[in-house]
Amino acid sequence: MFSDLRHALRILRQAPGFTLLVVIVLAIGIGATTSIFSVVNGVLLKPLPFPDADRLIAIQSGLRGDHGGTASVPDITDMQAARTVRDVVGYTGGTAILTGHGEAKTLLTSFVTGDLMATLGVPLLLGRSFTADDVRIGAAPVAVISERLWTDRFGRQPSAVGSVATIEGQPVTIIGVAPDSFDFPIQAKRVEAWLPIATTQIGAQFAAVRGAHLMHTIARRQPDASIEQAAAELDAIGERLARDYPKSNAGRSIRVVPLQERIVGEHRTALTVLLAAVAGVLLIACANVANLLLARGIGRRREIAIRSALGAGRARIVRQLLMESVLLAVIAGGAGILLSQWGVAAIVAASPLDIPRLQGVRVDRTVLMFAALLSAATGIGFGIIPAFQVSRADAGETLKGTTGGIDVRSARTRQLLVAGEVALSLVLLVGAGLLGRTLLNLERVEVGFVAERALAMEISLPDTRYPSPEARIAFQRRTVDALGAIPGVRSAAATSTLPLSGNDMGIGFRIEGRAVRDEDRGNAAYHAISSDYFATMGIRLLRGRVFTERDDEHGRGVIVISDTMARTYWPNEDPLGKRITVSYGNTGSREVIGIVADVKESAVSEPSRAEMYTPFAQTPWPFFTVVVRAEHDPAPLAAALRSTITRLDPEQPPGDVQTLGYFVREATAQPRFTATLAAAFALLATVLAGLGIYGVLAYGVAQRRREIGIRMALGARAADVRALVVGQAVALSGIGVAIGVAAAIALTRVLASLLFGVSASDPLTFAGVCVLLMMVVAAAAYLPARRATRVDPLVALRAD
Amino acid sequence: MLISLRNVEKSYPHGVGRTYVLRRVNLDIKEGEFVSIMGPSGAGKSTLLHILGMHDSAWSGEYYFMDQPVHRLNPKQRSELHKKHIGFVFQSYHLLDNLTVYENLEIPLSYRNVSRKDRQSMVADILDRFQIVGKKDLYPNQLSGGQQQLVGVARAVIANPQVVLADEPTGNLHSAQGKEIMELFRSLNDSGATIVQVTHSEVNASYGTRIIQLRDGWVVDEETSNQTSAATV
């Protein structure tokens, strides 16, 4: 074995050009596959970083068929009675303003209903986490802060624990510090503080309302309970709640999934498709290298025949040849691992923010082992066919020197490999084409508002400095007026939640005047807006009217609904003038005064859902997003927005300013990411397949020089010779295209959940890809065909 | 009898018929003989030699080697038999270009599962015997034709085969080198090895004890060569 290795090293050193070419081709394939596997491993496969993570579950509560997943605080309290689970805790995201420790800072905050750290099994770095007393309504406010915040704002002083910080304008005792390794909820930006929801002013209101389904819920299965048992028990609890509280819980049920599935499940298909695509690229690279080895093997027939004559059995020769292949693959694997470091960094940098756990993706031990196994498998994969083919050389004829001309078997194998490459390229191109068309379709979706030349900024008002509705209304009015007065701003408005910002809020409602039926209860995306909102956002009014300044805190309760809400709940009548009772923040029933066009709330690909709008002055939330429409380029206005807020309230930290276009682009970030990577892999695969075709044709021309010379001597013209070569190319690719189309029809079905506006067997995409591939084949055949026409018949025949 | 051929034939399909390379070859070679196979180009000499060397398995008839029916053995059994008892010298030397002289000599031993220690000792012996110790680290392209053929002969005999088959061993050498090789064969034969050579040269044939003439695939004549007069020439 050692002598085989030594010999293999020598063989590779003696052919540096060949070795370099093979190593580069394979390194790209192995590096790309390892990079994507790093992402798949880090996001999907690696267990959550909590003890006994497989027992952690997500409890998803929602209307039947829509387990978007949030429950109310009272519902969570009832779930705690379940015997198959323990440590049931709810959490929801938000922000809170920290003042008094340096500049005012808006903290990314998680509001919890219990001891989240105990549920996840993570000990704190310092101090303690929440007790039952800490999380009840009326308890003294406490907080657990992140290690990063403790470092940045508290100088890592142990005395920070037990100290009082001003959060949301109220004194909050810091009771613990969570280590940097603790990252929950797992999201793009890390949480900086955890607070009991019941101890915040607005949260305490939510905590008492059965219909405020705002909390994500997790728990830990008991060691002797299966997930099915937990699901059955919690589902029974859900049904009891639906019976006992029909007003808030009718039609709702509970589903249980492993927590890891809840966090990463929606990304599984896309990442698996990318892994399959890059594996396809590697397969094509292997086929190309196999072709190179087969061609080179013809030149080694003499050596193999001598070894056979000297006593080497076929197994021994195959072993030696495979040693060379595996050695090539191992060298390429090493280079591929280096490439994957860069590849992982590039993918993480380019990926959508909403892929959880992505920031923690590394080339770790698992990935290195994968790369090592992949390299060995690749070496065997591309080496096995050439090894068996080349070792089959007829020793007797070779040693007598009576072999020559074309090795038919080897040529056929090479042609089959190339046809396979073409087929695989077609599958990848079709996949990329479908994903590309999906992206185009998504980008063409009418989002319902005008994204150009507009900026948005989130503002969160602390309860203590803005405790009353009047104070919030006043600040919101001053803010909108001041922003509207900035030079360059055409109009300004405010909304409790911005569409496509990821902060959509669903609130229940009931239609008055109808018998209480399930279908008359609904859940709609909810916005509390200023009067200029529709104009500033460019949302079309369809019928009725929008809010005016008279629709303020003294006016009668009014509401504007979306077109989908109108058609869904009043299919055969005019909703204008009808009355709705909104489940939360209700000041009586509200009259429908206007119908506006639909707006995409959470995902561009989802059908429009029901939306309702109330005047901010009648439902003043402690948080809102301001929107300004600029006359020209909005970018220079960002600083003015921030300074305006600081001027209005120096203790109010301004939020991040983003363009509306940013939110629209982010809404298609995931499909763009998937489509871009798929296209990159498909392109790479096609280039490799093209090179494969070129190699086979070029070698074929070299082998057929004598034949071409004879044909030309007998009168064949250049066009006839070109047709000979191109005919071979068309035959190769024709077989590959036929196989590829059949395979693509079968395989692209797995993409169905990722597609939008295009079917998995879209004929236009298939036809376009076939045309593209034939063009690649034509390009690959051009040089060999030209070379064939330049064969000098006399020279070719004299060389015989 | 060391080697016996009965009705051995080899042919290729050619249109509707067949082209015969060897026809009804009957041949006996005793242990210790030095046999030369002669004949014009295309007579089938090399084909016959490669059949004797068990490199070629596409033939019909009966071939007994040390009383073993080669025609009834499977490829693995034939490989074991020829590995154990036969050494082959090629006209074109057929050394492995990417191995040194030492490694070229070692390789038949590694294919016979000889231990590393024994291989080292056997290679050292043969290098010494053939007086090519100083060349052990050179590659074939650094040697002259005669030196390469010397290594080829050394490689053929390193595993102490009973039979040495040589296909035009001096075909690519000039006369002085050729003589050196033939003297070597003689001394091998004197040591007990059976030698079968294919040659065009009467001078080379005179080193042997018997000449078999082939024409168009047929054995047409067998004669005893005059060894003394050939040595004088």
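Structure's up top.
Residues numbered from 1 in each chain as written. Chains lettered and ligands numbered in written order. Predicted model: local features only at pLDDT ≥ 70, side-chain atom pairs only at ≥ 80, totals over all residues. Heavy atoms only, no water.

A. Region of interest: the overall build of chain B. Within chain B one finds eight helices and ten strands. Its C-alpha atoms give chain B principal-axis dimensions of about 55 × 45 × 35 Å. Looking at chain B residue by residue over its 233 residues, the buried ones come to 55%. Contacts in chain B between residues far apart in sequence, at least 24 positions, make up 67% of those at least 6 positions apart. Surface accessibility of chain B: about 10500 Å² in total, with carbon and sulfur atoms responsible for 45%. Of the charged side chains in chain B, 24 are positive and 25 negative; the average position of the first set lies 5 Å away from that of the second. (Helix = DSSP H or I, 4+ residues; strand = E, 2+ residues; numbered from the N terminus. Buried < 20%, exposed > 50% of the residue type's maximum accessible area, 1.4 Å probe, protein only. Contact = heavy atoms within 4.5 Å. Areas by Shrake-Rupley, 256 points an atom, 1.4 Å probe, with all protein chains shown as cover. Lys, Arg positive; Asp, Glu negative; His and termini not counted. Charge placed at Lys NZ, Arg CZ, Asp CG, Glu CD.)

B. Focus on the nonpolar core. By size, the foremost hydrophobic cluster in this structure holds 120 residues, and its most contacted members are Leu-116, Leu-120, Phe-182, Phe-184 and Trp-194 of chain A. With 15 residues, helix α10 (residues 268-299) of chain A is the single largest residue contributor to this core. (Core = buried A, V, L, I, M, F, W, Y, C linked by side-chain atoms within 4.5 Å.)

C. Region of interest: the interface of chain A and chain B. On the side of chain B, 26 residues touch chain A, which itself brings 20 residues to the contact. The tally of links between chain A and chain B comes to three salt bridges. One salt bridge in this structure joins Arg-10 of chain A and Glu-103 of chain B, with 2.5 Å as the shortest N-O distance. Taken together, the connections running from chain A to chain B amount to seven residue pairs in polar contact (both at pLDDT 80 or more). (Salt bridge = Lys/Arg side-chain N within 4 Å of Asp/Glu carboxyl O. Polar contact = N/O pair within 3.5 Å; in protein donor to acceptor, adjacent residues only side chain to side chain.)

D. Structural view of the pattern of salt bridges. Residues and elements named next belong to chain A. Using the criterion set out here, one finds 38 salt bridges over all chains in the structure. Arg-319 is the partner of Asp-4 in a salt bridge, and the nearest nitrogen-oxygen pair spans 3.0 Å. Of the two residues, Asp-4 sits in helix α1 (residues 2-14) while Arg-319 sits in helix α12 (residues 314-350), which places them 315 residues apart along the sequence. We note a salt bridge from Arg-210 to Asp-75, for which the minimum N-O separation is 2.8 Å. On the criterion of sequence distance, the pair formed by Arg-210 in the loop between α6 (201-207) and β10 (215-221) and Asp-75 in helix α3 (residues 73-79) is long-range, its members being 135 residues apart. This pair shows no difference in class: Arg-210 is buried, exactly as Asp-75 is. A single salt-bridge network, built from bridges that share partners, covers Arg-300, Glu-303, Arg-307 and Glu-324.

E. Fine view of the packing of α1 of chain A against α12 of chain A. Residue and element names in this part refer to chain A. Relative to each other, α1 and α12 sit at 60°, their axes nearing to 9 Å. The angle between the axes of α1 and α12 places the two elements in the oblique class. Seen along the crossing, α1 lies across α12 with a hand that is right-handed. Residues Ser-3, Asp-4, Leu-5, His-7, Ala-8, Leu-9, Ile-11 and Leu-12 of α1 touch α12, and the partners they reach there are Arg-316, Arg-319, Gln-320, Met-323, Glu-324, Leu-327, Leu-328 and Ile-331. When grouped by side-chain class, the residues that make up the contact of α1 with α12 number nine nonpolar, three polar and four charged. (Axes fitted to C-alpha atoms, helices over the stretch in contact; angles between N-to-C directions. Parallel < 35°, antiparallel > 145°, perpendicular 65-115°, else oblique. Left-handed = near helix turned anticlockwise from the far one by under 90°. Nonpolar A, V, L, I, M, F, W, Y, C, P; charged D, E, K, R; others polar.)

F. Representation of the sheet that holds strand β6 (residues 86-89) of chain B within the structure. Residue and element names in this part refer to chain B. Read across the open sheet, the six strands follow the order β6-β7-β8-β3-β9-β10; overall the sheet is mixed. A single partner strand is all that each edge strand has here, and the edge strands are β6 and β10 (218-224). For this sheet, the mean inter-axis angle between neighbouring strands, taken without regard to orientation, is 15°. Examined bridge by bridge, strand β9 (residues 210-215) and β10 share six bridges and lie antiparallel to one another. Bridged to Gln-213 within β10 is Asp-221. Across the sheet, helix α1 (residues 45-52) lies against β3 (34-38), β6, β7 (163-167), β8 (194-198) and β9, angled at about 155° from β7, the strand it touches most. (Pairing = 2+ DSSP bridges.)

G. Seen up close, the sheet that holds strand β4 (residues 60-65) of chain B. Residue and element names in this part refer to chain B. Spatial strand order, β2-β1-β4-β5: four strands in an open sheet with antiparallel pairing. Strands with a single pairing partner mark the edges of an open sheet, and in this sheet they are β2 (17-29) and β5 (68-69). Where β4 lies against β5, two bridges are found, and the strand directions are antiparallel. In the strand pairing of β5, Tyr-64 is matched with Pro-69.

H. Structural context of the packing of aromatic side chains. This structure, assessed with the given rule, holds 18 aromatic pairs over all chains. When the centroid spacing of 5.3 Å and the interplanar angle of 75° are considered together, the rings of Tyr-662 of chain A and Phe-663 of chain A count as edge-to-face. Residue classification places Tyr-662 of chain A among the partly exposed positions, given a relative accessible area of 22%. Here Trp-59 of chain B and Tyr-63 of chain B contribute two aromatic rings whose centre-to-centre distance is 6.1 Å and whose plane-to-plane angle is 50°, an arrangement assigned as tilted. Both residues of the pair, Trp-59 of chain B and Tyr-63 of chain B, count as buried. We note Arg-210 of chain A situated over the ring of Tyr-245 of chain A; from NZ or CZ to the ring centre the distance is 3.8 Å. Between Arg-296 of chain A and the ring centre of Phe-18 of chain A, over which it is positioned, the NZ or CZ distance is 4.3 Å. (Phe/Tyr/Trp six-rings, centres within 6.5 Å; stacked < 30°, edge-to-face > 60°. Lys NZ or Arg CZ within 6 Å of the ring centre and 35° of its normal.)

I. Representation of the packing of α10 of chain A against helix α21 (residues 669-703) of chain A in the model. All names here are of chain A. Contact geometry of α10 with α21 gives a least axis separation of 10 Å together with a crossing angle of 15°. Accordingly, the angle class assigned to the pair α10 and α21 is roughly parallel. For α10 against α21, the interelement crossing comes out left-handed. Considering only residue class, the contact of α10 with α21 consists of 20 nonpolar, four polar and no charged.

J. Representation of unusual backbone geometry within the structure. Note the cis peptide between Phe-184 of chain A and Pro-185 of chain A, where omega equals -5°. Structurally, Pro-185 of chain A is set in the loop between β8 (170-178) and β9 (193-196).

K. Quick look at the side chain of Glu-147 of chain A. Residues and elements named next belong to chain A. Within the secondary structure layout, Glu-147 lies in helix α5 (residues 147-154). Under the relative-accessibility criterion, Glu-147 is labelled buried at 14%. Among all residues touching Glu-147, those that are not within four sequence positions of it are Leu-125, Arg-156, Val-177, Ala-178, Pro-179 and Asp-180.

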